[in-house]
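Observations on the three-dimensional arrangement
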Amino acid sequence: MVGLATFLALVVGATAWLTLRTPTYHAPLSGPTAPQASPARAALLLHDLTDAVRRDRPAAAARLASSAAARRSLRGVVRNGTRLHVSGLSLRYVDEVGGVSAGGGFAADVQAAWRFAGFDRRPEQVQVRFRFAEHDGRLGIAGVGGGGRRTPLWLTGPLQVRRTASSLVLVQGSHREADRFAGLARTAVPQVRAVLQHWTGGLVLEVPATQQGLEQALDAHPGQYDSIAAVTTTVNGSRSRSAPVHVFVNPAVFGPLKPHGAQVVVTHEATHVATGAATSPAPIWLVEGFADYVALRAQRLPLATTASRIASLVHRQGPPARLPGQAEFAAGASHLEARYESAWLACRLLARLGGPDALVSFYRAVDAGRPLGPELRHHFGFGLAALTARWRTVLSHLPA
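Rules of the game
Residues numbered from 1 in each chain as written. Predicted model: local features only at pLDDT ≥ 70, side-chain atom pairs only at ≥ 80, totals over all residues. Heavy atoms only, no water. Helix = DSSP H or I, 4+ residues; strand = E, 2+ residues; numbered from the N terminus. Rg over C-alpha atoms; globule rule 2.2 N^0.38 Å. Buried < 20%, exposed > 50% of the residue type's maximum accessible area, 1.4 Å probe, protein only. Contact = heavy atoms within 4.5 Å. Lys, Arg positive; Asp, Glu negative; His and termini not counted. Charge placed at Lys NZ, Arg CZ, Asp CG, Glu CD. 1 Å grid on protein atoms, 1.4 Å probe; cavity = no way out; pocket = protein on both sides within 12 Å on 5 of 7 lines; lining within 4 Å. Points joined across faces, edges and corners; volume = space filled by probe spheres on them. Nonpolar A, V, L, I, M, F, W, Y, C, P; charged D, E, K, R; others polar. Axes fitted to C-alpha atoms, helices over the stretch in contact; angles between N-to-C directions. Parallel < 35°, antiparallel > 145°, perpendicular 65-115°, else oblique. Left-handed = near helix turned anticlockwise from the far one by under 90°. Pairing = 2+ DSSP bridges. Phe/Tyr/Trp six-rings, centres within 6.5 Å; stacked < 30°, edge-to-face > 60°. Lys NZ or Arg CZ within 6 Å of the ring centre and 35° of its normal.

The next subject is the overall build of the protein. Check the secondary structure of the protein and you find 16 helices and 9 strands. Its C-alpha radius of gyration of 32 Å places the protein more than 25% over the 21 Å reference for a compact globule of 400 residues. Each principal axis of the C-alpha distribution contributes one length, and for the protein these read about 135 × 45 × 35 Å. A buried classification covers 50% of the 400 residues belonging to the protein. Long-range contacts, defined as pairs at least 24 residues apart, comprise 63% of the intrachain contacts of the protein with a sequence gap of at least 6. Distance between charge centroids for the protein: 4 Å, based on 42 positive and 25 negative side chains.

Attention now moves to empty space enclosed by the protein. Under the counting rule described, the total for this entry stands at 1 cavity of 30 Å³ or more. Taken as a whole, the largest cavity spans an internal volume of roughly 100 Å³. Around the largest cavity, the lining is made up of 13 residues, and of these Trp-114, Pro-152, Glu-206, Val-235 and Phe-248 lie nearest the centre. Broken down by secondary-structure element, the contributors of at least two residues to the lining of the largest cavity are β2 (106-116) and β9 (245-249). Class assignment for the residues of the lining of the largest cavity results in 9 nonpolar, 2 polar and 2 charged.

Each packed pair of helices is defined by two parameters, the angle between the axes and the distance between the axes. In the contact formed by helix α13 (residues 336-354) and helix α16 (residues 384-396), the axes pass within 10 Å of each other and the chain directions differ by 110°. Classified by the angle between their axes, α13 and α16 sit roughly perpendicular to one another. The two elements α13 and α16 meet at a crossing, and its hand is right-handed. Between α13, through Ser-342, Leu-345, Ala-346, Leu-349, Leu-350 and Leu-353, and α16, the contact on the second element is made entirely by Leu-387, Arg-390, Trp-391, Val-394 and Leu-395. Per-class residue counts for the contact of α13 with α16 are 9 nonpolar, 1 polar and 1 charged.

Turning next to the sheet that holds β9. Ordered by their spatial adjacency, 5 strands build an open sheet running β5-β6-β7-β9-β8, and the pairing between neighbours is mixed. Either end of the sheet is taken by a strand with one partner, and the two such strands are β5 (160-163) and β8 (230-234). Here the strands of the sheet are splayed against their neighbours by 20° on average, with no regard to which way each runs. Looking at chain direction, strand β7 (residues 203-207) and β9 are connected through 2 bridges and run parallel. Each bridged residue has a counterpart across the sheet, and for Glu-206 the counterpart in β9 is Phe-248. Contacting β8 and β9, helix α6 (residues 211-218) runs over the sheet at an angle of about 155° to β9.

Below, the discussion takes up the packing of helix α9 (residues 284-297) against α13. As a packed pair, α9 and α13 sit with axes 7 Å apart at the nearest point and diverge in direction by 75°. Classified by the angle between their axes, α9 and α13 sit roughly perpendicular to one another. Between α9, through Trp-285, Leu-286, Glu-288, Gly-289, Phe-290, Asp-292, Tyr-293 and Leu-296, and α13, the contact on the second element is made entirely by Tyr-340, Ala-343, Trp-344, Ala-346, Cys-347, Arg-348, Leu-350 and Ala-351. Of the residues in the contact of α9 with α13, the class split is 12 nonpolar, 1 polar and 3 charged.

Attention now goes to the sheet that holds strand β1 (residues 86-97). Spatial strand order, β1-β2-β3-β4: 4 strands in an open sheet with antiparallel pairing. The sheet is open, and its two edges are formed by β1 and β4 (138-144), each paired on a single side. Between one strand axis and the next, the sheet turns by 35° as a mean value, whatever way the strands run. Relative to β2, β1 runs antiparallel, the two sharing 9 bridges. Each residue of the ladder has a partner; that of Val-97, found in β2, is Ala-107.

In this section: the pairing of β2. Counting buried residues along β2, 10 of its 11 residues qualify, which places the element largely inside the surrounding structure. As paired elements, β2 and strand β3 (residues 124-135) share 9 bridges and run antiparallel to each other. Its bridge partner lying in β3, Val-110 is registered against Val-128.

Right, let's get into the environment of Leu-196. Tracing the chain through its elements places Leu-196 in the loop between α5 (175-195) and β7. By relative accessible area, Leu-196 is classed as buried at 2%. With 98 residues separating them along the chain, Leu-196 and Val-294 place their C-alpha atoms 8.9 Å apart. With residues near it in sequence (within four places) discarded, Leu-196 still touches Thr-271, Ala-274, Thr-275, Phe-290 and Val-360.

Let us now look at the packing of aromatic side chains. One pass over the structure, following the stated rule, counts 9 aromatic pairs. Ring pairs connect the aromatic residues Phe-106, Phe-130 and Phe-132, which therefore count as one cluster. Taking NZ or CZ as reference, Arg-180 lies 5.5 Å from the ring centre of Phe-181, over its face. Seen from the ring of Trp-199, Arg-193 lies directly overhead, with NZ or CZ sitting 5.4 Å from the centre.

With respect to the element layout, Val-195 can be found in helix α5. Overall, the relative accessible area of 13% leaves Val-195 in the buried class. A C-alpha to C-alpha distance of 21 Å links Val-195 and Gly-369, two positions 174 residues apart in sequence.

Structural measurements only, silent on function.
In structure tokens, the structure reads:
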């Protein structure tokens, strides 16, 4: 019995020693988990937004938002889609961009495709930046646009829309502004068709509220369009001749224009749409001069008005040695308006020498990729050197 008691005492003693001397082992606790992007939840939001646009359900779109401002924006997107007859819409999650905020917000690139039925021949794909944020324990859409991607105007929030059989106008502004641009578009289309009778397409005019909005719509550098009233380009910025082509207005430059000037700009750009100028291989003096020829043909303004800037430049520096090229037409180039006037005078000269039909046929041939010199000789009986000489003579005799 003594031996057993001694053994038990030793066991109890050892247990006590271990309890007192040996640190107790605990499994390490997990540190705070860094917020993670949720592609699956974001993709589902995009799916639901697509469905809301297709079914014209503004309230359903609003439930996908992460804030009151986003709710208003998404309701506007659905209404825009209905008024613009958006077709073929798809929004496909591509990848997260940048980090995830402490609150779980993140941005992602989204491959968007759509078309405005009745105006765009096919859906065009554009990569757009979407922002997502957590709100009340769930992920929602926080906003659309920016991030070095094109920002489609119709995806940014409520717009004023004016639609006819031949024109579609999207304005990020007041009813009055929308009515103004709708009137300009309605006038421009028949003015273009009076010269280009084969054109049966329509005009899509997009008008953001600010120049910054224009820069975001086109993913342009700040200040790139400081001196440009409007630009005609493909929706996705590609050089594809089958891509949808729209006119985008710079309100900072366009806003102060008087009625005649505003109409000239819109008809000029509508001519670019009708001729596919955004992807034309024709020399830029012909592309821009022809568009002004169509636009000014209907205005009946005096030469002292339509050629005043080039006249002043010629009287100071003499006539230029050659027809203007890409450098002279670059945004921000000096005497830009004078270069436009000089190109118009070249096309006006051709129409006077060979007739308007000859000018149109010549333009179509060069636009189709045929060489300029041979086409000049075919339609007018002289080449580029002779045209340049006659054009310089016209410039030299402009009224001061």
